[in-house]
Amino acid sequence: MKHLAKVLLLSLPLHASPSLEIRFDAPPTGKDKGSSTNFMGDAATFPSSNWESQAQPVGNGRIGAMVFGNPLRERIQFNENSLWTGGANPSGGYDVNEFGSYQNFGDVLIELNGAETDGLTDFSRKLDLATGIHTTTWKKDSVTYTREVFASKPDEAIVIRLSADQPAKITGKASLAGAHKETTVASENTLRISGSLANGLRHAAQLTAVSEGGPATASNDWISFSGNAVTLVLTAATDYALDPNKGFRSGKDPAVTVADQSQKAATQSYDKLRTSHVADFTGLMGRVTLDVGNPSDKPINQRLEEYKKGAADPHLEMLMFQYGRYLLASSSRGFLPANLQGLWNDSNKPAWYADYHTNINIQMNYWLAEPSNLAECARPLFDWTVAMIPGSREATVKEFGEKTRGWTMRTSVNIYGGNGWKWNLPASAWLARHFWDHYAFTGDEKFLRDQAWPVLYEISQFWLDHLIEKDGKLLVPQGWSPEHGPREDGVAHDQQIVWDLFTNTLDAASILREKSATLGAIEVARNKLLGPKIGSWGQIMEWTTERPELEKSGHRHTSHLYALHPGNQITLHGTPDLAKAAAISLESRGTSGDSRRSWTWPWRTAMWARLGRPDKAGEMIRGLLVHNTLPNLFTTHPPFQIDGNLGITAGVCETLVQSHAGEISILPAVFPQWKDGSVKGLLARGGFEVSATWKDGAIQSAALTSKLGKPAVVRLQGNPSSVTVSETGGTTTKLNAAEDGTFRFDTKKGTTYQLTK
Ligand code: FUC
């Protein structure tokens, strides 16, 4: 017992949970680039400064807003993630009218107390990632004012609250302006907009003001209010349904939907709305704690500037990790998945239409979901993929002939089953990995049978029919190492993805006890696939022919290393020669030019982590912050692209816990700049929750909670020869490492095991 107490003590975090606030101490600066918001009437006097780099996002997975944090003339730009033009796009082109584009919804503008900024002091605006609440505060004439904004999932509304620390100080007005020239209709304390897009998609939004200690009255484009405090409830919806059988329409009038939602939310007290939201949001964010030291007291823009000049700021890197979790939890919950901008978009023609890109971006958006303990946030990816199958199948059959089995996708996909731009043949197989991984992490056999299996099996059939044989090997024909080099047979990227698909399908079949001639054929084909090849300068060959001028060109994609990450055909301990070659290839891409993109650094963070190179992984997160991060910590391609934010969280997960190689590797590549730290709540395949502490970069303790009762195979940083395993409320055992350096022990469901050297 005494021993156990000591072990538990060691496993506690070094500090209390670190702050997760992203704080500025000045209102937004700079000018917007390309915003399509149509400010209306006298709203033109409102500042619209730097949407992509200064405003801060809140979201409930379906509706979201960018909060600028201007004290007296505030702009809150909002979105709903199904507000899309376009449709089935039968031509397969990438024309904005046919393929469509994600749209801006509109703005809420708020003017307070005559908007006289003279004498305003003590300003701050901050987003708290722990609670999902944005707060702006300032002082004027000895009164402290506070504005809070959050997007509530339980109440399906964006809630804005203005209050002061003295009575009768809140006087102002608010407007609701749509981005599609909607007319605002005012009645009582409410403003309404509604309309339909060229494709017939209907949309509506409603803003209701509840004032305390005074009236709130709407007329023309504004609601005027005065009193002690005011709560503004914003609801927004479309008549989209994520269901091809319904023609992607719900049949419900969105004006009725938003009125109902508004009625439900606006009749509750602000405290109640806030309490439900905080309980819901902390339920997600609170699952993982990462502590690498306390923050400096400086505002975020200054910290980032100093970091870019070379200052160390482990807490800033930790914030990037939690920001990715925050952004997924805010953009992907039970409806459409996170698009190229998550769900935040101020333009009616955003870059790449803010669509779903299938050759890295949508996949990277979801790498973090399982390991960073947000499995339910992956649900929208599965639902969207399944809903896109009929449209994608039709496009696939049109391209490959009537007899085609299975389906795949082009590079761009919308929300109506519409595929656009060039074919990306391994797209569907890459998405299938996510279905498999959800099972691998959760052990959910029902999901494996009902949802993952049909996807894996059908896409495997597509590939059985499409491989060609050359010199006794099976090759993917006419592939492309995205978006690099020529189309030809046997491109490494495609070979590796098809290997991954076949392997996962066979593993799924054995769990589900499926047997068939097709499965036999898949096994034969998998074993005949041309595998990764090492080239003349020690690299993984990207094509079957060497093309050093391309391989060393610094291209952004690292597609030929799919087998290293997210795949697992190449592993550090399982295939050391290929791992060495992968390191040479990765190094040869360099870190300048095209290698500096939102999503390049996260992928390379994950890859270096899998290669057991904390030094290199640490350089990658630094590169992301130095070259591709904006002051509000959005990552930029440019422009803003969310894959970098969501991806870096996955990259960090790989430095702390890996589970892709049949073992749980704990602290395999902790950034050297994170000297002392602790992590709690990451997930590993096989149903384990993992925590660990380290000091001077060296592991101190680790803990594993077994959710499924499966045997544990654990590798600890530094490969100690023995370890003490203490079962909570049970026995303590000393274990010696197996020949491969791992520790193996049986676990009981729901039990925690403390590991100490
Ligand atoms: C892929 C990438 C680009 C960009 C675009 C949205 O095509 O090659 O870099 O991220 O998606």
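Residues numbered from 1 in each chain as written. Predicted model: local features only at pLDDT ≥ 70, side-chain atom pairs only at ≥ 80, totals over all residues. Heavy atoms only, no water.

Some details on the sheet that holds strand β26 (residues 664-666)
Strands sit in the order β25-β26-β30-β33 across an open sheet of four strands; the sheet is mixed. Edge positions in the sheet fall to β25 (657-658) and β33 (743-745), since each of these pairs with one other strand and no more. Note that β25 and β26 share two bridges and pair antiparallel. Counted as the bridge partner of Q658 is S665 from β26. (Pairing = 2+ DSSP bridges. Helix = DSSP H or I, 4+ residues; strand = E, 2+ residues; numbered from the N terminus.)

Comments concerning the layout of surface pockets
By volume, the largest pocket is sized at about 510 Å³. Lining the largest pocket are 24 residues, and of these A440, S659, G662, R685 and G686 lie nearest its centre. Elements that contribute at least two residues to the lining of the largest pocket include exactly α10 (427-442), α12 (492-512) and β30 (712-716). Residue composition of the lining of the largest pocket, by class: eleven nonpolar, seven polar and six charged. (1 Å grid on protein atoms, 1.4 Å probe; cavity = no way out; pocket = protein on both sides within 12 Å on 5 of 7 lines; lining within 4 Å. Points joined across faces, edges and corners; volume = space filled by probe spheres on them. Nonpolar A, V, L, I, M, F, W, Y, C, P; charged D, E, K, R; others polar.)

Notes on empty space enclosed by the protein
Applying the stated criterion across every chain yields a total of five cavities of 30 Å³ or more. Empty space within the largest cavity amounts to approximately 200 Å³. Forming the walls of the largest cavity are 18 residues, and the residues nearest its centre are Y366, W367, P371, D437 and R685. Residue assignment for the lining of the largest cavity shows that the elements contributing at least two residues are α8 (361-367), α9 (379-400), α10 and α18 (643-656). Ranked by residue count, the leading element in the lining of the largest cavity is α10, at five residues. A per-class count over the lining of the largest cavity returns nine nonpolar, three polar and six charged. Its boundaries defined by the atoms lining it, the second largest cavity holds a volume of some 60 Å³. Taken together, P371, F441, R610, C653, E654, V657, Q658, S659, H660, L682, L683 and R685 make up the full set of residues lining the second largest cavity. Residue assignment for the lining of the second largest cavity shows that the elements contributing at least two residues are α18, β25 and β27 (677-684). Split into classes, the residues belonging to the lining of the second largest cavity amount to six nonpolar, three polar and three charged.

What is shown is where atoms sit, not what they do.
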